[in-house]
Amino acid sequence: MTPIEFDNAIAKAASGGFNDVILRSERPLMGKRNGRIEVIGESVVEPNEALGLISEMHQNSIASVLGQGKDSKFRHTVLLDDDSKLYGRCHVTAIHSMSDDFGVELIIRIINDEIPSIADIDLPLELVERIRTGVGMMLVGGETGSGKSTTIAAGLVHHVCHNPSNVLTFENPIEFNLSNIDGRMGDVVQSETPRHLSSFDRAFQGSLRRAPDILFWSEVRNGDEISNLARSTLTGHFTISTVHTNSTEATLSRLIDSLPPNIQRSVSVNLFDAIDTVVNQRLELNPQGTGRTAIRSWCYFDEKLKDQLKDSINSPEKYARIISSAMANTGRTLLVDAKEKFSAGRLDISSFKKYVSRYGNTSDLTGARKVGEMLLDQQKIDESCFIEKWKSA
């Protein structure tokens, strides 16, 4: 496979609705869409062939980098026939090989240069309006590929189109172009580490001198980054970041647990003072199986909730339970959001049953058949799908 043929395969995958293109040595080219992996190439990619493609795309020394047990990230641009561009967020790593010292894996997350509106992704206005000038922190959690960056990009676009804010982002890598937003009242300036700034710590030190109103850090992973995130909030800014967490309730506990024990207490207090909103989301199949719907939970942290967390500073195992109890009044649970999306015909019944099994009870399935009948009447599902999945619901 030549570099041009590989770029054509990436473009074809993107037009076919794939979110990821997966190049692995000793396997055919694969892609992932709607959460499912599929074979999209006809022939097996040999190790030297894979390394050659990545060397052309990224750097000639990639074999040496991988041989040292290191991975690498980069951004790839594909020029399309109409002279527009398609972007990919790339991650390459060494993997086991039956025929060589190591094989290679390249994952390309296809980035749509067109940023969706908050309506396109069912992002509630009440969440977007939590983004504001002043002190506060918003954390958006979820697993890899759950749409965290897309949610934040859509929220920031909406914000600067309605507010004269100065927004600075620090990303690794930059995923959406936020520099040319039509109809904007404010402005967004993006930087990439280590391309523009050598580290997030350096970015933090310089950011406070750049008159920011809102700061977006693409992801916090270690103690220094978490501490800097809280400090940048408490210096008078609204900060946003993504985190890899499985639930709204456990997000703060997960961040605190990742801190060195000697600073957990002090940083916890700063986090509780800074936090305003925690969101968690995942993507589930729609009834047609042609796309995915975001299911979200969230919690707003008022002074009463913050005080409860501070009062439990010596019992961090209570944090998730305290937040869970508060969500009925200051947020939304996954089950409530799943019910709403299911009743509106935007969530597949198999996915809905998963939420009911984990968070609800059988009475939550009352009326499920009527939803199926509605979808059948609207011709969003066919008779065979209705009989297979919905008739006995």
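Keep in mind it's a predicted model, so treat the numbers as computed, not measured.

**With respect to the overall build of the chain**
For step 1, the next point in the chain: In terms of helices and strands, the chain carries 15 helices and 14 strands.
For step 2, the next point in the chain: For 393 residues, the compact-globule estimate of 2.2 N^0.38 gives 21 Å, and the chain sits close to it at 23 Å.
For step 3, the next point in the chain: Counting the 393 residues in the chain, one finds 48% classified as buried.
For step 4, the next point in the chain: Expressed as a percentage of contacts within the chain between residues at least 6 apart in sequence, the contacts between residues at least 24 apart total 58%.
For step 5, the next point in the chain: Of the accessible surface of the chain, which amounts to about 18,900 Å², a share of 46% is contributed by carbon and sulfur atoms.
For step 6, the next point in the chain: Across the chain, the 44 positively charged side chains and the 52 negatively charged ones have centroids separated by 6 Å.

**What about the nonpolar core?**
Soluble globular proteins: nonpolar side chains tend toward being buried together.
For step 1, the next point in the chain: Membership of the largest hydrophobic core comes to 34 residues, with the highest contact counts inside it found for M137, L139, W217, L252, F301 and L309.
For step 2, the next point in the chain: In terms of residues, this core owes the most to one element, helix 11 (residues 319-330), which gives five residues.
For step 3, the next point in the chain: Here W217 is in contact with F170, F200, A203, F204, S207, L229, S232, T239, I240, S241 and T242, once residues within four sequence places are set aside.
For step 4, the next point in the chain: Judged by nonpolar contacts, the second largest core, of 28 residues, contains I118, L123, V140 and Y300.

**Brief notes about the environment of S384**
For step 1, the next point in the chain: Positionally, S384 belongs in helix 15 (residues 383-390).
For step 2, the next point in the chain: The spacing of S384 and L168 is 216 residues in sequence and 51 Å in space, taken between C-alpha atoms.
For step 3, the next point in the chain: Within the structure, the side chain of S384 is placed 2.9 Å from the side chain of D382, a separation counted as a polar contact.

**Examining helix 6 (residues 200-207)**
In an α-helix there are 3.6 residues to a turn, and that puts residues three or four apart on one side.
For step 1, the next point in the chain: Along helix 6, the residues classified as buried are F200, A203, F204 and S207. Along helix 6, the residues classed as buried sweep out an arc of 100° about the axis, all on the same side.
For step 2, the next point in the chain: As for helix 6, its buried residues are in contact with strand 8 (166-171), strand 10 (214-217) and helix 7 (223-234).

**Observations concerning the packing of aromatic side chains**
For step 1, the next point in the chain: This structure, assessed with the given rule, holds five aromatic pairs.
For step 2, the next point in the chain: Centre to centre, the rings of F272 and Y319 are 5.2 Å apart; their planes meet at 85°, and the pair counts as edge-to-face. Highlighted residues: F272 in helix 9 (residues 264-274) and Y319 in helix 11, separated in sequence by 47 residues. Here the two residues F272 and Y319 agree in accessibility, since each one is buried.
For step 3, the next point in the chain: Aromatic pair F342 and W390: ring centres 5.7 Å apart, planes at 5°, arrangement stacked. Of this pair, F342 sits in helix 12 (residues 334-343) while W390 sits in helix 15; the two residues are 48 residues apart in sequence, bridging distant segments of the chain.
For step 4, the next point in the chain: Each residue in the set F342, F352 and W390 is aromatic and connected to the rest through ring pairs, giving one cluster.
For step 5, the next point in the chain: One residue, R75, lies across the ring of Y87, its end atom 4.2 Å from the ring centre.

**As for unusual backbone geometry**
For step 1, the next point in the chain: The phi torsion at N34 lies on the positive side, around 50°, for a residue other than glycine.
For step 2, the next point in the chain: Relative to the helices and strands, N34 is located in the loop between strand 2 (27-33) and strand 3 (36-45).
For step 3, the next point in the chain: On the basis of relative accessibility, which here comes to 18%, the residue N34 falls in the buried class.
For step 4, the next point in the chain: Backbone geometry at Q379 places phi at a positive 60°, although glycine is not the residue there.
For step 5, the next point in the chain: Within the element layout of this structure, Q379 appears in the loop between helix 14 (368-377) and helix 15.

**Describing the sheet that holds strand 10**
For step 1, the next point in the chain: The strand order across the open sheet built from eight strands is 9-8-10-11-7-12-13-14, with neighbouring strands paired in mixed fashion. For this open sheet the edge positions go to strand 9 (187-192) and strand 14 (331-332), each flanked by a neighbour on one side alone.
For step 2, the next point in the chain: Where strand 7 (residues 136-141) meets strand 11 (residues 238-243), six bridges bridge the pair, whose relative direction is parallel. Each residue of the ladder has a partner; that of M137, found in strand 11, is T239.
For step 3, the next point in the chain: On the sheet, helix 9 packs against strand 7 and strand 12 (275-285) and is oriented at approximately 80° with respect to strand 12.

**Concerning helix 14**
For step 1, the next point in the chain: Inspection of helix 14 places A368, V371, G372 and L375 among the buried residues, and these make up the whole buried set. With its buried residues spanning 100° around the axis, helix 14 presents them on a single face. For helix 14, the exposed residues lying more than 90 degrees away from the buried face are K370 and D377.
For step 2, the next point in the chain: On its buried side, helix 14 packs onto helix 12, helix 13 (349-359) and helix 15.
For step 3, the next point in the chain: Positive phi appears at Q379, one or two residues downstream of helix 14, with a value of about 60°.

**Brief notes about the pairing of strand 10**
For step 1, the next point in the chain: Covered by surrounding structure in strand 10 are I214 and F216 together with L215 and W217, the residues of both alternating faces.
For step 2, the next point in the chain: Note: strand 8 against strand 10, four bridges, orientation parallel. The residue bridging T169 from the neighbouring strand is F216, located in strand 10.
For step 3, the next point in the chain: Examined bridge by bridge, strand 10 and strand 11 share four bridges and lie parallel to one another. Its bridge partner lying in strand 11, F216 is registered against I240.
For step 4, the next point in the chain: With helix 7 bridging strand 10 and the parallel strand 11, this β-α-β connection has right-handed handedness.

**Focus: the packing of helix 14 against helix 15**
For step 1, the next point in the chain: The contact between helix 14 and helix 15 brings their axes to 10 Å, and the two run at 170°. Put simply, helix 14 runs roughly antiparallel to helix 15. Along the contact surface, helix 14 presents A368, R369, V371, G372, E373, L375 and L376, while helix 15 presents E383, F386 and W390.

The rules behind these values
- Residues numbered from 1 in each chain as written.
- Predicted model: local features only at pLDDT ≥ 70, side-chain atom pairs only at ≥ 80, totals over all residues.
- Heavy atoms only, no water.
- Helix = DSSP H or I, 4+ residues; strand = E, 2+ residues; numbered from the N terminus.
- Rg over C-alpha atoms; globule rule 2.2 N^0.38 Å.
- Buried < 20%, exposed > 50% of the residue type's maximum accessible area, 1.4 Å probe, protein only.
- Contact = heavy atoms within 4.5 Å.
- Areas by Shrake-Rupley, 256 points an atom, 1.4 Å probe, with all protein chains shown as cover.
- Lys, Arg positive; Asp, Glu negative; His and termini not counted.
- Charge placed at Lys NZ, Arg CZ, Asp CG, Glu CD.
- Core = buried A, V, L, I, M, F, W, Y, C linked by side-chain atoms within 4.5 Å.
- Polar contact = N/O pair within 3.5 Å; in protein donor to acceptor, adjacent residues only side chain to side chain.
- Arc of directions from axis to C-beta.
- Phe/Tyr/Trp six-rings, centres within 6.5 Å; stacked < 30°, edge-to-face > 60°.
- Lys NZ or Arg CZ within 6 Å of the ring centre and 35° of its normal.
- Pairing = 2+ DSSP bridges.
- Axes fitted to C-alpha atoms, helices over the stretch in contact; angles between N-to-C directions.
- Right-handed = clockwise from strand over helix to strand, strands pointing away.
- Parallel < 35°, antiparallel > 145°, perpendicular 65-115°, else oblique.

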